[in-house]
Structures are given as C-alpha cells and as structure tokens.
Amino acid sequence: MTNSGGTVNQLAPKNGKPKYNKLLLIINVILFFCAIALSVAGLHYKEYVTAAAMLLVMFLTAANAWACWKRLKRPK
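A. Here's a closer look at the overall build of the protein. Looking only at helices and strands, the protein has two helices and zero strands in total. Within the protein, the proportion of its 76 residues that are buried is 21%. Taking as baseline every contact in the protein between residues at least 6 positions apart, the subset at least 24 positions apart corresponds to 62%. Total accessible area on the protein stands at roughly 5,900 Å², and carbon and sulfur atoms take up 70% of it.

B. Examining the packing of helix α1 (residues 18-44) against helix α2 (residues 48-73) more closely. It is the contact of α1 with α2, at a shortest axis distance of 8 Å, that shows an interaxial angle of 160 degrees. In terms of orientation, α1 lies roughly antiparallel with respect to α2. For the pair α1 and α2, the sense of crossing is left-handed. Among the residues making up the contact of α1 with α2, the classes are represented as 20 nonpolar, six polar and two charged.

C. Just unusual backbone geometry, in detail. One non-glycine residue with positive phi stands out, namely Lys 46, at about 60 degrees. Among the secondary structure elements, Lys 46 is positioned in the loop between α1 and α2.

D. A look at a nonpolar patch on the surface. Judged by side-chain polarity, Leu 56, Phe 59 and Leu 60 come together as a nonpolar surface patch covering roughly 340 Å² of accessible area. Along the chain, Leu 60 turns up in helix α2.

E. Main features of α1. Given a rise of 1.5 Å per residue, 27 residues ought to cover 39 Å, and the 39 Å separating the end C-alpha atoms of α1 matches this to within 8%. All of the buried residues in α1 are Asn 21, Leu 25, Asn 28, Ala 35, Ser 39 and Gly 42. Buried residues along α1 sit in contact with α2. One or two positions beyond α1, positive phi appears at Lys 46, with a value near 60 degrees.

F. Summary view of the side chain of Thr 61. Along the polypeptide, Thr 61 turns up in helix α2. Overall, Thr 61 belongs to the buried group, its relative accessible area being 6%. Within the structure, Thr 61 has its side chain in polar contact with the backbone oxygen of Met 58 (distance 3.1 Å). The contacts of Thr 61, once residues within four sequence positions are left out, are Asn 28, Leu 31 and Phe 32.

What counts and how
- Residues numbered from 1 in each chain as written.
- Predicted model: local features only at pLDDT ≥ 70, side-chain atom pairs only at ≥ 80, totals over all residues.
- Heavy atoms only, no water.
- Helix = DSSP H or I, 4+ residues; strand = E, 2+ residues; numbered from the N terminus.
- Buried < 20%, exposed > 50% of the residue type's maximum accessible area, 1.4 Å probe, protein only.
- Contact = heavy atoms within 4.5 Å.
- Areas by Shrake-Rupley, 256 points an atom, 1.4 Å probe, with all protein chains shown as cover.
- Axes fitted to C-alpha atoms, helices over the stretch in contact; angles between N-to-C directions.
- Parallel < 35°, antiparallel > 145°, perpendicular 65-115°, else oblique.
- Left-handed = near helix turned anticlockwise from the far one by under 90°.
- Nonpolar A, V, L, I, M, F, W, Y, C, P; charged D, E, K, R; others polar.
- Patch = residues over 30% accessible without salt bridge, like charges linked within 9 Å, V, L, I, M, F, W, Y side chains within 5 Å.
- Salt bridge = Lys/Arg side-chain N within 4 Å of Asp/Glu carboxyl O.
- Expected span 1.5 Å × (residues − 1).
- Polar contact = N/O pair within 3.5 Å; in protein donor to acceptor, adjacent residues only side chain to side chain.

Printed below as a string of structure tokens:
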C-alpha cells in the first residue's frame, strides 16, 4: 500500500537504523505483555469486548515484533 507521497507503508522501519528496530521491538514486547494482562483482567471482570480488543492488539504487536526481529536478523 502506498500513500500520496509514493512511499510504501510498513509495519516497521524498512531501511532504518538497527537501534530503531531494537527500540520498536522492545516497545512491542512490552505492549504485548500488557495486552495479555489486560485481556486476562477483562475476562476476569466479564468485559468481553475489552478482552477481544486486547487480543487484536496482541496479534498486531506480535506481527510488528516479528517484522522488527526479521529486519534485525537480515544480513547487512
């Protein structure tokens, strides 16, 4: 998918510095575990919409973390 400027939208910085990918990976891992906690809390208090939303957040952060990890592992 491209925006009006012609650049491609990515889950993680494609040609960014490795430290940005590392930072984004750390943020995504923290967000993933927070989403797990909020999902469990939502199920405990029978807030099923919140739990479903946190499952979606977990999926998206896992995909973004995988993309960052993949970019960190590619040869330079």
